[in-house]
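Observations on the model geometry
Here is what each chain is made of, one letter per residue.
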Amino acid sequence: MYEESTPVLIIGGGLVGLSASLFLSWRGVPSVLVERHPGTSVHPRAWGLYPRTLELLRAAGVEKEVMAESAGFAGHVLNGRVESLAGAEIAVGRIPEPDDVGAISPVERIVSLSQDRVEPILLERARRRGADVRFGTEVLDLDPGEDGVAVRVRDRATGQESVLRAGYVIAADGAHGATRERAGIGRRGRGVLRHQMSVLFDADLAGPLRGRRFAVCQVANDRVEGVLGHDDSLTRGTLIVTYRPERGESPGDFTEERCAGLVRAALGVPDARVGVRQILPWEMAALTAERFRWGRVFLAGDAAHLMPPVGGYGANCGVQDAYDLAWKLEAVTEGTAPPELLDTYDEERRPVAEATVRQAVARLAVRSGRRPAGPDLAEPLAVTFGYRYRSSTVRDGDGPAHGDGGEGADGFVHPALLSGRPGTRAPHLWVRVDGARVSTLDLFGPRPVLLAGSAGVERAGDLRALAERLGVPLDVYVLGRDVLAQDGADPHAAFGIGPQGMSLVRPDGFVSHRSPAGGLADSAVAGALARMLRRVPVDVPTGL
């Protein structure tokens, strides 16, 4: 049987798997992605990207392409309930304008764009960077060992089987993927909340829409009740309805003929020409895997957490899983960090996922009228920007571990309150670097970054040399020399450090260590780097 090897194998070619492929290839980590389906999704599935997710795509160089692809949805601003699209309106209004994120992010806005339109962009860029993506390839078996994972796969077109030996595996194979079950990892949470059917169809929507453009449209009449979505071409839509197994209903009841009839009823056009493209059953659920790691195998996206789509948190949370894994896998595979660094994936991402699932469930209850909004309901920007990592690699050098203050519901911090605390996403402000106006977030990418206070001018070269001797790739910027204030902003204040202080930012843009009033000695910086990478703590004498 043919065998080959790869540092990282990704199982699943959906939004999260392709994001992992992109982020790894951007970081120079070779990977192979296998997906049983013949290509990217034709179904819209997840819809909407929050600014934090777009920041990650910005770092990997695809933000502009995603923004351009979403341009046709800019006018989709109505939220309505109708008897049918061509029929009477029960209640139709404009959705609130998106929160202005200009003060907290370099990203222009929240993006309305479906998964089927995002995935080809990620695929093209990942392949351009050297990623090996194989559609029509299914996983037959998976055998994790101490030195790697042997994965037996089959080409569905030819039937040829082969073995891929991977150093690590990212399982992004979805809610019903086999990897989690093979690992014997259970799930906990509220469970399945609703059983849904999504019908993807082609039809002329321009007439029934009558010039309107919906972001959300609920349909309710004596033949169908559900949610109707449409794309910017006005020729394709999705109808989502609920079925009830407790009443004996099943996915098999939704034949193509029946689904076409439901679409016509939702459109309010009895003789509409409807072409059903795909009928997809799925479960609205609130579940989190009991652990996100099985030896060298890591769960990400829906394989790790399921949440109601209200709020649009699920896909964004999955992309953030992939980004967190990518920098840690790079550090380990390159030998910069020991394998123990990968323990922090579960330590950091699972609590964030559990809190995000709770927020999605609470938002669903509020939207369905089962309860009023209360102090336990966090704002979407807090959920998507303000999650905080807590692990042994995160430390405030002159204060309590992980920082304190600013937490709201479920521990999320409103992005306006992000202040450079360790464990939180580094603050955004516009600065001038090498004569160009850039966001501070643009400084954080493939390598860790040390921001030194203005008094660290004479130490910058020594710190770069120190990092090189320690085998740690590190960028060093001195505030006031390399990073200049722009638009009246004060980088020292934004990151919570004085002239003698320093902030160490991980490659994912999260602050790992901060010393507000000191910490630029060789021993202090070496210790901070060792902690960030989960190396054995070391004492480095001055002048090493």
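Residues numbered from 1 in each chain as written. Predicted model: local features only at pLDDT ≥ 70, side-chain atom pairs only at ≥ 80, totals over all residues. Heavy atoms only, no water.

Moving on to the overall build of the protein. Helix and strand content of the protein: 13 helices and 26 strands. For 544 residues, the compact-globule estimate of 2.2 N^0.38 gives 24 Å, and the C-alpha radius of gyration of the protein, at 24 Å, lies within 12% of that figure. Taken along its principal axes, the extent of the C-alpha atoms in the protein is 80 × 60 × 40 Å. Here the protein holds 544 residues, and 55% of them are scored as buried. By sequence separation, contacts in the protein at least 24 residues apart represent 71% of the contacts at least 6 residues apart. When the accessible area of the protein is evaluated, it comes to approximately 21900 Å², of which 49% is carbon and sulfur surface. Here the protein contributes 64 positively and 70 negatively charged side chains, and the mean placements of these two sets differ by 2 Å. (Helix = DSSP H or I, 4+ residues; strand = E, 2+ residues; numbered from the N terminus. Rg over C-alpha atoms; globule rule 2.2 N^0.38 Å. Buried < 20%, exposed > 50% of the residue type's maximum accessible area, 1.4 Å probe, protein only. Contact = heavy atoms within 4.5 Å. Areas by Shrake-Rupley, 256 points an atom, 1.4 Å probe, with all protein chains shown as cover. Lys, Arg positive; Asp, Glu negative; His and termini not counted. Charge placed at Lys NZ, Arg CZ, Asp CG, Glu CD.)

Time to look at the pattern of salt bridges. Following the criterion strictly, the structure yields 36 salt bridges and no others. With its nearest N and O atoms 3.1 Å apart, the salt bridge here joins Glu3 to Arg165. Of this pair, Glu3 sits in strand β1 (residues 2–11) while Arg165 is found in strand β10 (residues 161–171), placing the two residues 162 residues apart along the sequence. Classification of Arg165 as partly exposed rests on a relative accessible area of 42%. A salt bridge links Arg188 to Glu354, with the nearest nitrogen and oxygen atoms 3.1 Å apart. Residue Arg188 is located in strand β11 (residues 187–202), and its partner Glu354 is located in helix α9 (residues 343–367); the two are separated by 166 residues in the primary sequence. Through salt bridges that share partners, Asp324, Lys328, Glu348, Arg506 and Asp508 make up one connected network. (Salt bridge = Lys/Arg side-chain N within 4 Å of Asp/Glu carboxyl O.)

So, about helix α1 (residues 15–26). When the terminal C-alpha atoms of α1 are compared, their 16 Å separation across twelve residues agrees well with the 16 Å that a helix rising 1.5 Å per residue should span. For α1, the set of buried residues is Leu15, Val16, Gly17, Leu18, Ser19, Ala20, Ser21, Leu22, Phe23, Leu24, Ser25 and Trp26. Where α1 ends, the next residue or the one after it, Gly28, has phi of about 85°, a positive value. (Expected span 1.5 Å × (residues − 1).)

Another aspect to go through is the confidence of the model for the protein. Averaged over all residues, the pLDDT of the protein equals 92, while 96% of them reach at least 70. In the model, residues 398–404 has pLDDT below 50 throughout and makes 19 contacts with residues more than four positions away in sequence or in other chains. (pLDDT = per-residue confidence, 0-100.)

What follows covers the environment of Val457. Assignment of secondary structure puts Val457 in the loop between β22 (449–452) and α11 (460–469). Classification of Val457 by relative accessible area gives partly exposed; the value is 35%. Separated by 335 residues in sequence, Val457 and Leu122 have C-alpha atoms that sit 40 Å apart. Once residues lying within four places of it in the same chain are set aside, the contact partners of Val457 are Val478 and Arg481.

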